[in-house]
Amino acid sequence: MIPFSPPRIDDVTTEAVVAALKSGWITTGPRTKQFEKEISAYCGHKTTVAVNSWTTGMQVLLAWWGIKEGDEVIIPAYTYCASANVIIHAGATPVMVDLNEGDFNLNAEKVRAAITPRTKAIMAVDISGFPADYDLLRILINETEIKNQFNPSNELQEKLGRILLLADAAHSFGALMNGGQATLQSDIATYSFHAVKNLTTAEGGALCFNLPDSFDHDVIYKQMCTMILHGQNKDALAKTIKGNWKYDVEEPGFKCNMTDLQAAIGLVELNRYQESLDRRQEIFRLYEKGFSNVDWALLPTFKTENKTSSYHLYLLRIKGISEDQRDSIIQEIYDCDVSVNVHFQPLPLLTAYKKRGFKMDNYPEAYKKYANEISLPVYFDLTNEQVQTVINAVIKSVAKIMNKEFVTPYS
Ligand SMILES: *Cc1c(COP(=O)(O)O)cnc(C)c1O
């Protein structure tokens, strides 16, 4: 069976983790601090804070920014549930917006229509690793009319004076835009280092800050380190200084610091990231070539004049099929011992959001993308031969199912 997305774990990884264990320092310590510095250096962020997942990091971030009941945060309807859940947990309202026709990203004109005086942030998602339309979104949030209706409710929001532009960069570590890392295009970007992501620490994430220079990013770093550790003004490392045992709790904080065991994995991953990115790019090219001769294949965009994907997910679409036919094709592909997936089920299809009044009918582009989408395996250890097996399995399965009749609309 060709797996969908196994982590790359070899002797280098295991030796790094063993070294961390043997060092005796297993919670947040020197390796985590080094990992944060290396991410900032790799990406060019003003500051980076490592956390134990995208989700917990984003919860802290929304709390810090003062997102609360009555506020609205705009997200795409087509994303992982985490993007919506963190907003709901903050007591605020996720406002879902439909996608572009040409790619899987949030449509800036539809974002404009969704902005109200309650809008505090836009969370763009770099689906599959292809950067969202940050150029358009930045122009939008800086338009006089939109700035004028912005309603700040604390000092931070007042200082920014406009809607905050967040990047859900869970898929896009290493993606490029306008000549630099794509995450530099947002105010704050959040990575996920979950086991299936491009760069993993088993579980983990990072908050990356690129706010305007009027914000002191050293101060932000300190505030974040406090907030991710119960509001304690000293972490375990600081308390190792002789006699430095006493601390204060300034505000009730969260608990989501990264451990040095996680950071040990992350440092190995980061050190060989370019190699892994290059390999994923090759795999994308092989898929592109492999499907170039079939007339039913809709191939994903992964490179344009100013954007380059991080090659996280290969989102293949199949022209003219229903959701049911897609599901049958997936079953056939699995029967060829190839694992595939679907990214994503649009949130309005899921019970939690249906219950909150979201209706799939309002997001036709998201539904269209989902109904005929199949994500193919992409990872460093996938061989050319395996890529060919995947291509053959897809072509064979599509041929088999396309001869049948299926009609099932969504409910
Ligand atoms: C994986 C993922 C997340 C959540 O990341 P965790 O580190 O598991 O919390 C958020 N958004 C998207 C788009 C993701 O794919």
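Parameters and conventions
- Residues numbered from 1 in each chain as written.
- Predicted model: local features only at pLDDT ≥ 70, side-chain atom pairs only at ≥ 80, totals over all residues.
- Heavy atoms only, no water.
- Domains from an automatic or database assignment.
- Contact = heavy atoms within 4.5 Å.
- Buried area = accessible area lost by both parts, 1.4 Å probe.
- Salt bridge = Lys/Arg side-chain N within 4 Å of Asp/Glu carboxyl O.
- Polar contact = N/O pair within 3.5 Å; in protein donor to acceptor, adjacent residues only side chain to side chain.
- Helix = DSSP H or I, 4+ residues; strand = E, 2+ residues; numbered from the N terminus.
- Buried < 20%, exposed > 50% of the residue type's maximum accessible area, 1.4 Å probe, protein only.
- Pairing = 2+ DSSP bridges.
- Near = heavy atom within 4 Å.
- Areas by Shrake-Rupley, 256 points an atom, 1.4 Å probe, with all protein chains shown as cover.
- Nonpolar A, V, L, I, M, F, W, Y, C, P; charged D, E, K, R; others polar.
- Core = buried A, V, L, I, M, F, W, Y, C linked by side-chain atoms within 4.5 Å.
- Phe/Tyr/Trp six-rings, centres within 6.5 Å; stacked < 30°, edge-to-face > 60°.
- Lys NZ or Arg CZ within 6 Å of the ring centre and 35° of its normal.

## Considering the domain arrangement of the protein
Part 1: Segmenting the protein into domains produces domain 1 (11–271) and domain 2 (274–402).
Part 2: The gap between the C-alpha centroids of domain 1 and domain 2 is 27 Å.
Part 3: Counting residues at the interface gives 40 residues for domain 1, matched by 34 residues for domain 2.
Part 4: Surface buried jointly by domain 1 and domain 2 totals about 2900 Å² across both partners, of which 61% is contributed by carbon and sulfur atoms.
Part 5: Ranking the residues of domain 1 by area buried against domain 2 places Tyr-78, Met-96 and Phe-130 at the top, with a combined share of 23%.
Part 6: Residue Lys-307 pairs with Asp-133 through a salt bridge whose shortest N-O separation is 2.6 Å.
Part 7: Scanning the region where domain 1 abuts domain 2 turns up 23 residue pairs in polar contact (both at pLDDT 80 or more).
Part 8: Secondary structure elements with two or more residues in the side of domain 1 that touches domain 2: α4 (81–89), β3 (93–97) and β6 (176–177).
Part 9: Sort the elements by how many residues they give to the side of domain 1 that touches domain 2 and α4 lands first, with 4 residues.

## Observations regarding the pairing of strand β4 (residues 119–125)
It is a general feature of regular strands that their side chains alternate between the two faces of the sheet.
Part 1: Extensive coverage of β4 is indicated by the burial of 7 of its 7 residues.
Part 2: Examined bridge by bridge, strand β2 (residues 72–76) and β4 share 3 bridges and lie parallel to one another. By the bridge assignment for β4, Val-73 is matched with Ala-121.
Part 3: Where β4 lies against strand β5 (residues 164–168), 5 bridges are found, and the strand directions are parallel. Its bridge partner lying in β5, Ile-122 is registered against Leu-165.

## Observations concerning the site of the ligand
Part 1: By nearness alone, 15 residues border the ligand, and Thr-55, Asp-168, His-171, Ser-192 and Lys-197 come closest of all.
Part 2: At a separation of 2.5 Å, an oxygen atom of the ligand approaches a polar side-chain atom of Thr-55.
Part 3: Considering the ligand on its own, with 380 Å² of exposed area, one finds that the protein chains cover 92% of that surface.
Part 4: Taken together, the residues that form the shell around the ligand break down as 6 nonpolar, 7 polar and 2 charged.

## Things to note about the sheet that holds strand β11 (residues 307–308)
Across a sheet, strands are paired by hydrogen bonds formed along the backbone, either parallel or antiparallel in direction.
Part 1: Read from one edge of the open sheet, 3 strands run β7-β6-β11, paired in antiparallel fashion. Each end of this open sheet is capped by a strand with a single partner; those strands are β7 (180–181) and β11.
Part 2: Pairing geometry for β6 and β11, over 2 bridges, is antiparallel. Bridge pairing in β11 places Leu-176 opposite Thr-308.

## Here we look at the nonpolar core
Part 1: Among the nonpolar cores identified, the biggest contains 128 residues, and Trp-64, Phe-209, Leu-211, Tyr-287, Phe-291 and Leu-376 are the most heavily contacted of them.
Part 2: Residue-level mapping places this core at the junction of two domains, with at least three residues from each of domain 1 (11–271) and domain 2 (274–402).
Part 3: Setting aside chain neighbours within four positions, we find Phe-209 in contact with His-45, Lys-46, Thr-47, Val-49, Leu-61, Trp-64, Asp-187, Ile-188, His-217, Ile-220 and Met-224.

## Here we look at the packing of aromatic side chains
Part 1: For the structure shown, the criterion picks out 20 aromatic pairs.
Part 2: Each ring, one from Tyr-287 and one from Tyr-314, has its centre 5.0 Å from the other, and the planes form 45°; the classification is tilted. Placement of Tyr-287 in helix α11 (residues 273–290) and of Tyr-314 in strand β12 (residues 314–318) is noted, with a sequence separation of 27 residues between them.
Part 3: The class of Tyr-314 is buried, set by a relative accessible area of 0%.
Part 4: In textbook terms, an aromatic cluster arises when at least three aromatic residues are bridged by ring pairs, as seen for Phe-284, Tyr-287, Phe-291, Trp-296, Phe-302, Tyr-311 and Tyr-314.
Part 5: Over the ring of Phe-215 we find Lys-159, and its NZ or CZ is 4.9 Å from the ring centre.
Part 6: Lying across the ring of Tyr-370, Arg-326 places its NZ or CZ 4.5 Å from the centre.

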